[in-house]
Amino acid sequence: MIHKVGIIMNGVTGRMGTNQHLMRSIVEIIKQGGVQVSPSEFIMPDPVLVGRNEIKLKKLAEMSGVEKWTTDLDSVINDPNYQIYFDAQTTGRRAAAVKQAAKAGKHVYCEKPIATDTATALELYKVCEDAGVKHGVVQDKLWLPGLLKLKRLMENGFFGKILSIRGEFGYWVFEGHSVPAQRPSWNYRKEDDGGIIVDMLCHWRYVLDNLFGEVKGVFCLGATHIPERVDEQGKPYNCTADDAAYATFELDGGVIAHFNSSWVTRVRRDDLLTLHVDGTKGSAVAGLRECWTQHYGNTPKPVWNPDISQPIDFYEGWSKVPEQENFDNAFKAEWELFLKHVVKDEPFKWNLLEGAKGVQLAEKGLESWDKKTWVEIPKIQ
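Which residues make up helix α9 (residues 352-371), and what values do they have?
Helix length check: α9 (20 residues) gives 28 Å between terminal C-alpha atoms against 28 Å at 1.5 Å per residue, within 8%. Buried residues dominate α9, accounting for 14 of its 20 residues. The backbone nitrogen of L353 has a side-chain oxygen 3.0 Å away, supplied by the residue at the start of α9, namely N351. Looking one or two places after α9, you find K372, whose phi comes out positive at around 55°.

Quick look at the structure:
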């Protein structure tokens with residue numbers, strides 16, 4: 001039995017929509033023969049590409065092999081052959097389209113942040129609930145191999161009591177004056193919903209909530225370190241959004257987390273994202289794919305002496321977690337779970353309420369920066 005599921009893919013001409021959601025998720029699911037739910041039962045996506053630029057859509061259709069595309073969202077929103085609406089547009093365009101889709105009876109799956117403010121995010125959750133449609137938000141980092149290895153260590157009690165988490169994320173995004181930028185210019189304009197606080201604190205919320213404990217409070221400082229960049233047309237523009245954020249979080253149980261997020265840093269660490277977790281019995285450092293551990297019994301005993309060269313190689317005492325499982329693309333893994341949720345009613349807890357929590361933390365991070373103070377995070381029910 002093959003369950004054919006029509007998916008409206010809106011905004012997939014952008015970088016993330018094209019690479020992660022279309023090419024590495026939906027196209028790969030089609031290539032593998034669908035999502036298997038039993039020995040003789042499969043879910044087969046049937047996507048239609050939606051966007052505002054006809055030229056980009058034609059090019060994307062040729063590249064992906066997806067034949068159907070349109071610039072008329074209304075025509076597919078009202079087509080009963082499509083059961084799911086997926087949104088990868090820029091954040092400011094998302095709310096209206098999600099409401100329209102939910103009211104038309106479409107199940108909703110969308111990128112984060114799901115909205116530009118918490119009130120709107122909660123409204124989208126309520127609209128979907130009232131419409132009786134299923135809904136989900138992309139929380140891809142939960143399925144990264146490095147974080148899954150970290151989760152296995154926690155499940156086996158490796159850390160003892162977890163004390164703190166230190167996250168380092170980012171890389172140098174070229175300004176465009178000499179070397180072309182590798183991120184879109186709207187990321188650096190507040191008026192276009194750009195900024196690293198809005199972008200990344202949504203991620204840190206679901207990572208912390210799901211792995212280490214619910215976020216209870218935040219102190220965040222943002223900065224716009226690079227005042228001018230060059231856009232896609234080669235024109236200089238003023239940067240009005242933050243390009244770096246330095247945030248400290250308190251979690252349930254007294255765990256402290258600190259994350260540096262930056263598009264103006266040069267990488268000298270294991271990966272573009274690393275999580276360093278310290279516990280009473282051991283520590284681990286997870287990147288996107290790998291994870292390294294140091295048990296209590298392997299911990300060196302350094303003595304402070306700046307007058308001699310450091311005698312300890314601090315990398316030497318760490319062990320790489322072996323490959324014990326096969327890990328799929330993180331975006332694809334969550335897509336498969338959402339498709340099973342829609343077709344077979346399998347559990348899926350990463351809904352728009354979870355997405356609203358991410359928006360809330362970003363909003364509270366901005367408030368903390370503005371007020372230069374610690375901000376409590378009220379519970380969202």
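Account for the packing of aromatic side chains, naming residues and giving values.
Tallying each qualifying case throughout the model produces 14 aromatic pairs. Each ring, one from F86 and one from Y109, has its centre 5.8 Å from the other, and the planes form 40°; the classification is tilted. Residue F86 is found in strand β5 (residues 84-87), and its partner Y109 is found in strand β6 (residues 107-110); the two are separated by 23 residues along the sequence. Take F86 and Y109: they sit in the same class, and that class is buried. Note on Y188 and W263: the rings are 5.2 Å apart at their centroids and 70° apart in plane angle, and the pair reads as edge-to-face. Of this pair, Y188 sits in the loop between β8 (162-170) and α7 (196-211) while W263 sits in the loop between β13 (256-262) and β14 (273-279), and the two are 75 residues apart along the sequence. Relative accessible area serves as the criterion here: at 0%, W263 is assigned to the buried category.

Report on unusual backbone geometry, specifying residues and quantitative values.
K112 connects to P113 through a cis peptide bond whose omega is -10°. One can find P113 in the loop between β6 and α5 (118-131). If you check the backbone angles, D193 has positive phi at about 70° while not being a glycine. Positionally, D193 belongs in the loop between β8 and α7. Despite not being glycine, D345 shows a phi value in the positive range, around 60°. By secondary structure assignment, the location of D345 is in the loop between α8 (330-344) and α9. Note on D345: relative accessible area 54%, which makes it exposed.

Give a detailed account of the nonpolar core, specifying residues and quantitative values.
In this structure, I165 and F249 are the most contacted members of the largest nonpolar core, which totals 78 residues. Per element, the largest residue contribution to this core is 10 residues, and it comes from α7. One finds V48, A95, V137 and I380 within the second-largest nonpolar core, a separate group that totals 29 residues.

So what's going on with the sheet that holds β8? Which residues, and what values?
A sheet is described by the order of its strands in space; here nine strands give the open sequence β17-β16-β15-β14-β8-β13-β12-β9-β18, paired in mixed fashion. With one partner strand each, in any of the chains shown, β17 (319-320) and β18 (375-376) form the two edges of the open sheet. Where strand β15 (residues 282-286) and strand β16 (residues 291-295) come together, five bridges link them in antiparallel fashion. In the strand pairing of β16, A284 is matched with T293. Taken strand by strand, α7 contacts β8, β9 (215-223), β12 (244-251), β13 and β14, and its axis lies near 150° from that of β13. α9 rests against β9, β12 and β18 of the sheet, and its axis sits at about 55° to β9.

Pulling in residues and values, what's your account of the pairing of β6?
Of the two faces of β6, the one holding H107 and Y109 and the one holding V108 and C110 are both buried throughout. Pairing of β5 with β6 involves four bridges; the strand directions are parallel. From the neighbouring strand, D87 faces β6, where its bridge partner is C110. A crossover connection joins β5 to the parallel β6 through helix α4 (residues 91-103); in handedness this β-α-β unit is right-handed. Here β6 pairs with strand β7 (residues 135-137) via three bridges, running parallel. Considered in β7, the bridge of Y109 is made with G136. For the handedness criterion, the β-α-β arrangement of β6, α5 and β7 is classed as right-handed.

Rules behind the numbers
Residues numbered from 1 in each chain as written. Predicted model: local features only at pLDDT ≥ 70, side-chain atom pairs only at ≥ 80, totals over all residues. Heavy atoms only, no water. Helix = DSSP H or I, 4+ residues; strand = E, 2+ residues; numbered from the N terminus. Expected span 1.5 Å × (residues − 1). Buried < 20%, exposed > 50% of the residue type's maximum accessible area, 1.4 Å probe, protein only. Polar contact = N/O pair within 3.5 Å; in protein donor to acceptor, adjacent residues only side chain to side chain. Phe/Tyr/Trp six-rings, centres within 6.5 Å; stacked < 30°, edge-to-face > 60°. Core = buried A, V, L, I, M, F, W, Y, C linked by side-chain atoms within 4.5 Å. Pairing = 2+ DSSP bridges. Contact = heavy atoms within 4.5 Å. Axes fitted to C-alpha atoms, helices over the stretch in contact; angles between N-to-C directions. Right-handed = clockwise from strand over helix to strand, strands pointing away.

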